[in-house]
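# Architecture and fold: a report
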Number of protein chains: 4
Amino acid sequence: MGTSEIPFGMNLPDPPAPASAPPRPDPRWRYSRPAMTSPAPATGTLLVSCPDRRGIVAAVAQLLYGHGANILDADQHTDPVAGQFFQRIRFDLSELHVDRTGLEQAVSAVAARFQMQWRLVLASERKRVAIFVSRYDHCLYDLLLRHRAGELACEIALIVSNHSNAKPVADQFGVAFQVFPITAASKRAQEERELELLTACRIDLIVLARYMQVLSAGFIGRWPARIINIHHSFLPAFVGSKPYHQAHERGVKLIGATAHYATTDLDEGPIIEQDVARASHRDSPSDLVRKGRDLERTVLARAVRWHVDDRVLVYGNKTVVFD
Amino acid sequence: MGTSEIPFGMNLPDPPAPASAPPRPDPRWRYSRPAMTSPAPATGTLLVSCPDRRGIVAAVAQLLYGHGANILDADQHTDPVAGQFFQRIRFDLSELHVDRTGLEQAVSAVAARFQMQWRLVLASERKRVAIFVSRYDHCLYDLLLRHRAGELACEIALIVSNHSNAKPVADQFGVAFQVFPITAASKRAQEERELELLTACRIDLIVLARYMQVLSAGFIGRWPARIINIHHSFLPAFVGSKPYHQAHERGVKLIGATAHYATTDLDEGPIIEQDVARASHRDSPSDLVRKGRDLERTVLARAVRWHVDDRVLVYGNKTVVFD
Amino acid sequence: MGTSEIPFGMNLPDPPAPASAPPRPDPRWRYSRPAMTSPAPATGTLLVSCPDRRGIVAAVAQLLYGHGANILDADQHTDPVAGQFFQRIRFDLSELHVDRTGLEQAVSAVAARFQMQWRLVLASERKRVAIFVSRYDHCLYDLLLRHRAGELACEIALIVSNHSNAKPVADQFGVAFQVFPITAASKRAQEERELELLTACRIDLIVLARYMQVLSAGFIGRWPARIINIHHSFLPAFVGSKPYHQAHERGVKLIGATAHYATTDLDEGPIIEQDVARASHRDSPSDLVRKGRDLERTVLARAVRWHVDDRVLVYGNKTVVFD
Amino acid sequence: MGTSEIPFGMNLPDPPAPASAPPRPDPRWRYSRPAMTSPAPATGTLLVSCPDRRGIVAAVAQLLYGHGANILDADQHTDPVAGQFFQRIRFDLSELHVDRTGLEQAVSAVAARFQMQWRLVLASERKRVAIFVSRYDHCLYDLLLRHRAGELACEIALIVSNHSNAKPVADQFGVAFQVFPITAASKRAQEERELELLTACRIDLIVLARYMQVLSAGFIGRWPARIINIHHSFLPAFVGSKPYHQAHERGVKLIGATAHYATTDLDEGPIIEQDVARASHRDSPSDLVRKGRDLERTVLARAVRWHVDDRVLVYGNKTVVFD
């Protein structure tokens, strides 16, 4: 995490707890056993965003080269209307001349010169993910299977639900599972307990994998650009509930799914990924639900993969996805 | 055209002029020279819609068989919620025992038994199409080229515009072209003149190929389910003007186009076809416009082809497309 | 199963054991516990194929109507080159005037008149499916999850593997699992044992869900059009092994997957379904493998769903899929 | 054009005539009138390829920055297997401190250090394109319309055909048109005349827009990575003639089109772009031809657009497309 004073859009919030002082395991909670994954490569990723001006690319490239960081991938984008520059650079750490602090200080100096917001992440520090789920478990299963297949470079540290029915799935994959039943009366208190658990588990990303509860503005505000939701329609069409039924009613010829960061405006957050499938008059609402399940799984999985690979930058209500 | 008293949804309006009395060419208008197309096959198509009950399929099949009409294709659909049955049957006329009137009388008798709305069309009676266009001519060109390539089994009888700039295109393809400049003051009068011309040319279908004028409710009401519009977004997202700019603003990852029948509710008519293309942060509004042109052309062309092949049935605000 | 003397292409083989005499459970094998599925609807499906001539549609419709079978869906196709007619009719059994034998006799009489090959199946008689799998379990998981979600109207009766690693998955879903280790020396004998088990379990369909053993011609010949294989390329491109590496080597911009019926010509059987995903120079072979897994799952699942719904007819080396 | 001694893969051949000595118009040939296009932006593009090693990105960025070239876009790729690095940088020329020769000398010095093959192109120097066409004119029309709409940043300088039927199209768009009838006997001599004309017209790129003659190895060898062909199948499936009929015969469920650079191995050249459309048993060969026309147009247009924007690098038998 960079030391820049300027918050990196919505994308660079302070961590929920200082990385230097990881909380001790809280005996009240069950923890996941570590996932069996191949060792992360010795690479780092630098994300920057700043007002567009000449010399940025050269300065950053020179900075990394000068410290022994060999650039593996670089992608950049300039929004000519907003006058904003975005870059993602992935580099090899194996011959770095300095330690991490040294590199961060060097980045910080360049950043100050260009009014740069930045974030430095190491592949060895995998993000810790909590999956929120209700009764539909197809997205949950999909994420767990992809994680097991090595598609998602993160730790799935926790599954949270308002129902107990996903517990066997969690057990089978060896992931900690916690039920927080929600009623109108208990909602606020339960969210507080959830936040406590998320902090205790040092969660970096929350994935709402068809979680059917609306999170409060207070909850969402504490996780800017770090809660990914899957909405089962092609946003901005069919905002709100029962979108497949809305789509059937309207007689559309394609149905869609949208993965987006959750914001306090329901279904209005920055879109990360969308996809569609063909529909026809032959499709009943339940056929659309079936086709939609496939869309939801693949669209959500892509969004999560891009997020954990630090490929998504948020600015305004939009995203830059360096895929 | 059937003799049933019950109008066939929006899809079976009375013709603008009796087929038995084609209007004489009006010397005020220029007429297209006949298109060079391969001779239409000796086939007929019967479209029926009625409350679902047992015995319909057998009765219709028996009716056609009994009169020497060999069924080539049949497709049907039952909407279980609406309790409505739809069928499209294409048959060979070459060994028909009766003349057209005899066949219509026979259909009429069965139709009465099942409260059936129906339409009987012959491939030899090609629909006459008018294309309305403004300044963008990519859809116009596309329809003319597809027609010339034999993809559209209709006559393109007329091109109407509120500008003169498409005239060279019309000339090149030998299609009659008429300009009706529109101002707020002249709109009503010009629409009357357009209707007069459409009647004189015995037009069956109006295609709004990026025609940028809003037609009055009175005009549209005279052409129920016989005006196809191309809207340059994935409806119901981005209703209204400048949808590509709306899409860019919202940061969607797919853009779309929608072909629909025009109704008095703008952009709310029954959807015939939709498609999408992938977009990203790299796409400027003008990139979206470029990608959108391809979508508009293919989506509109499919909708027109299905309509002229009598593959589209309208019910409520939806379509059944027997593709 | 019909009583017609004429075999229905490759698609209507005799059952492995007479339905009237189901084998007793063989104590040597473990059996699956019955899957928890919603009760099948009281519907039947009639599939017919015959030389095209007039009157077929009317005769079949009249036949069903006359016996109280209300047609719910009907789809048909005529191959004008082969002069062959194909039809699939799904009908309601709830007011049938006769029993199944009576209906079969009636169909048989009409079939004789039209040289018709036919098959009559009841939704209540779900097909029994065996899934063959090796080390990759993504397709296996996918089929089991879809089955549990109600997408596949069949019984998954058995999982067969040449390795033991899928056993926990089988256990978790309560499906019988049997390992048959294969070596060059043991292959023939093991296939005999597999056939014995398949017969004992009254299997109707074998799904090769990334089963990495080549089945012998003798084995395949006993299951005509009843073994579905997923090949991980867009056939006929990249026949044979390691197709994703072949695709990477050739630099294609799309990769694909193909579900087809297994025949003795490897990767040459009738194609049921195909799909593709976009690839680029950025994709390593392992990226293609990852993208391919998604393709394999969805393509195989569609093929299996269509087969168990009796939507696939084979003729020559091609399929008619009434989707 | 760079001064590097090492040829830049197939992509950096010597120009057909020195840029410093453009040939005088040859009175035997008709020339196109200049296309009406918006003025090209004052930008340049640098393409580089070299063995991968550290410091390349920094060196190139520093080089451009040091000469006043502001980087607008940069994209890069490393093939880890081949150990090869590729980069495309687009930069603003408006504040360049040196002239073009000065910039080229500076690039040349850095290139020598990294064994770099490179190419420097200016947006103001639009590529001159010749379109070869036979009887099918859908791709020709499509390219001309897209060019007129501003989608293709090139000059369409010439249309060549072995038939005269495209002449009215050429006339309508004001492009020079030349017929070279080809027989087995005349082929060699006619190709010589074609080459003479291409040189006289200073053509940079040949587009085979459904040109049905096989070019000789000698002809192709003179235009390495500068002839784009559209093949009407998803290569490597259905190499050779009548691919839509091959696809119909095989019963595939998707058909495709492939744009590739022509090499002396027919249909084996580096693939630039591919796309597919869905097919079914209902599609006759002529339906596949119709669907294929749409694919051919869009796939070829994308490949041409990427080429004229210098987004395509060839290495081995593959392409890197920085889209």
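Residues numbered from 1 in each chain as written. Chains lettered and ligands numbered in written order. Predicted model: local features only at pLDDT ≥ 70, side-chain atom pairs only at ≥ 80, totals over all residues. Heavy atoms only, no water.

## A closer look at the overall build of chain A
Helix and strand content of chain A: eight helices and 13 strands. Counting all 323 residues of chain A, 60% fall into the buried class. Put simply, of all contacts in chain A between residues at least 6 apart along the chain, 70% involve residues at least 24 apart. Accessible surface, chain A: about 12800 Å² in total, of which carbon and sulfur atoms supply 54%. (Helix = DSSP H or I, 4+ residues; strand = E, 2+ residues; numbered from the N terminus. Buried < 20%, exposed > 50% of the residue type's maximum accessible area, 1.4 Å probe, protein only. Contact = heavy atoms within 4.5 Å. Areas by Shrake-Rupley, 256 points an atom, 1.4 Å probe, with all protein chains shown as cover.)

## Some thoughts on the interface of chain D and chain A
Contact with chain D, which involves 18 residues of that partner, is made by 18 residues of chain A. Each partner contributes to the roughly 1700 Å² buried at the junction of chain D and chain A, and carbon and sulfur atoms together form 48% of this total. A salt bridge links Arg54(D) to Glu95(A), with the nearest nitrogen and oxygen atoms 3.3 Å apart. Seen at the junction of chain D and chain A, the total is four residue pairs in polar contact (both at pLDDT 80 or more). (Buried area = accessible area lost by both parts, 1.4 Å probe. Salt bridge = Lys/Arg side-chain N within 4 Å of Asp/Glu carboxyl O. Polar contact = N/O pair within 3.5 Å; in protein donor to acceptor, adjacent residues only side chain to side chain.)

## Quick word on the interface of chain B and chain A
Opposite the 34 residues of chain B that make contact, chain A presents 34 residues. Buried surface at the junction of chain B and chain A, summed over both partners, amounts to about 2900 Å²; 52% is from carbon and sulfur atoms. Summed over the three residues of chain B that lose the most area to chain A, namely Arg250(B), Lys253(B) and His281(B), the buried surface amounts to 25% of that side. At the junction of chain B with chain A, the criterion picks out eight salt bridges. With a closest N to O distance of 3.1 Å, Glu273(A) and Arg278(B) form a salt bridge. Broken down by secondary-structure element, the contributors of at least two residues to the side of chain B that touches chain A are strand S2 (70-79), helix H7 (243-250), strand S11 (271-278) and strand S13 (318-321) of chain B. Sorting elements by how many residues they give to the side of chain B that touches chain A places S11(B) first, with seven residues. Among the residues making up the side of chain B that touches chain A, the classes are represented as 13 nonpolar, nine polar and 12 charged. (Nonpolar A, V, L, I, M, F, W, Y, C, P; charged D, E, K, R; others polar.)

## Things to note about the state of the cysteines
All names here are of chain D. Overall, the coordinates contain zero disulfides over all chains when judged by the stated rule. With no disulfide of its own, Cys154 has Cys201 as its nearest cysteine by sulfur position, at a separation of 14 Å. Note on Cys201: relative accessible area 1%, which makes it buried. (Disulfide = S-S within 2.5 Å.)

## So, unusual backbone geometry
Residue Pro236(A) is reached from Leu235(A) by a cis peptide bond, and omega for that bond is 10°. Counting through the fold element by element, Pro236(A) comes out in the loop between strand S9 (227-231) and helix H7 (243-250). The phi angle at Lys242(B) is positive, at roughly 50°, despite the residue not being glycine. Mapped onto the elements of the fold, Lys242(B) is located in the loop between strand S9 (227-231) and H7.

## Here we look at the relation of the copies chain D and chain A
Structural alignment of chain D on chain A gives an RMSD of 0.0 Å, achieved by rotating through 180° and translating 0.0 Å along the axis. Interpreted geometrically, this transformation is the action of a two-fold axis. Looking at the interface residues of chain D, 100% of them are also at the interface in chain A, so both copies use one shared face. (Least-squares fit on C-alpha atoms with pLDDT ≥ 70 in both.)

## Quick word on the environment of Glu192(B)
All names here are of chain B. Here Glu192 lies in helix H5 (residues 187-200). Taking the relative accessible area as the measure of exposure, Glu192 reaches 47% and is therefore partly exposed. Between the alpha carbons of Glu192 and Gly218 there is a distance of 10.0 Å; along the sequence they are 26 residues apart.

## Description of the packing of H7(A) against helix H8 (residues 285-308) of chain A
All names here are of chain A. Close contact between H7 and H8 brings their axes to 9 Å; oriented N to C, the two are set at 125°. Considering the angle they form, H7 stands oblique to H8. In terms of crossing hand, the pair formed by H7 and H8 is right-handed. Contacts from Tyr244, His245, Ala247 and His248 in H7 reach Pro285, Leu288, Val289, Gly292, Arg293 and Glu296 in H8. Residue composition of the contact of H7 with H8, grouped by class: five nonpolar, three polar and two charged. (Axes fitted to C-alpha atoms, helices over the stretch in contact; angles between N-to-C directions. Parallel < 35°, antiparallel > 145°, perpendicular 65-115°, else oblique. Left-handed = near helix turned anticlockwise from the far one by under 90°.)

## Some remarks on the relation of the copies chain B and chain A
For the pair chain B and chain A, the best superposition has an RMSD of 0.0 Å and corresponds to a rotation of 180° with a translation of 0.0 Å parallel to the axis. A shared interface surface links the copies, since 100% of the contact residues of chain B are contact residues in chain A too.

## Overview of the packing of helix H3 (residues 138-148) of chain A against helix H3 (residues 138-148) of chain C
In contact at an axis separation of 12 Å, H3(A) and H3(C) are set at 170° when each is read in the N-to-C sense. Put simply, H3(A) runs roughly antiparallel to H3(C). Only Tyr141(C), Leu145(C) and Arg148(C) of H3(C) make contact with H3(A), whose side of the interface consists of Tyr141(A), Leu145(A) and Arg148(A). Its residues assigned to classes, the contact of H3(A) with H3(C) comprises four nonpolar, no polar and two charged.

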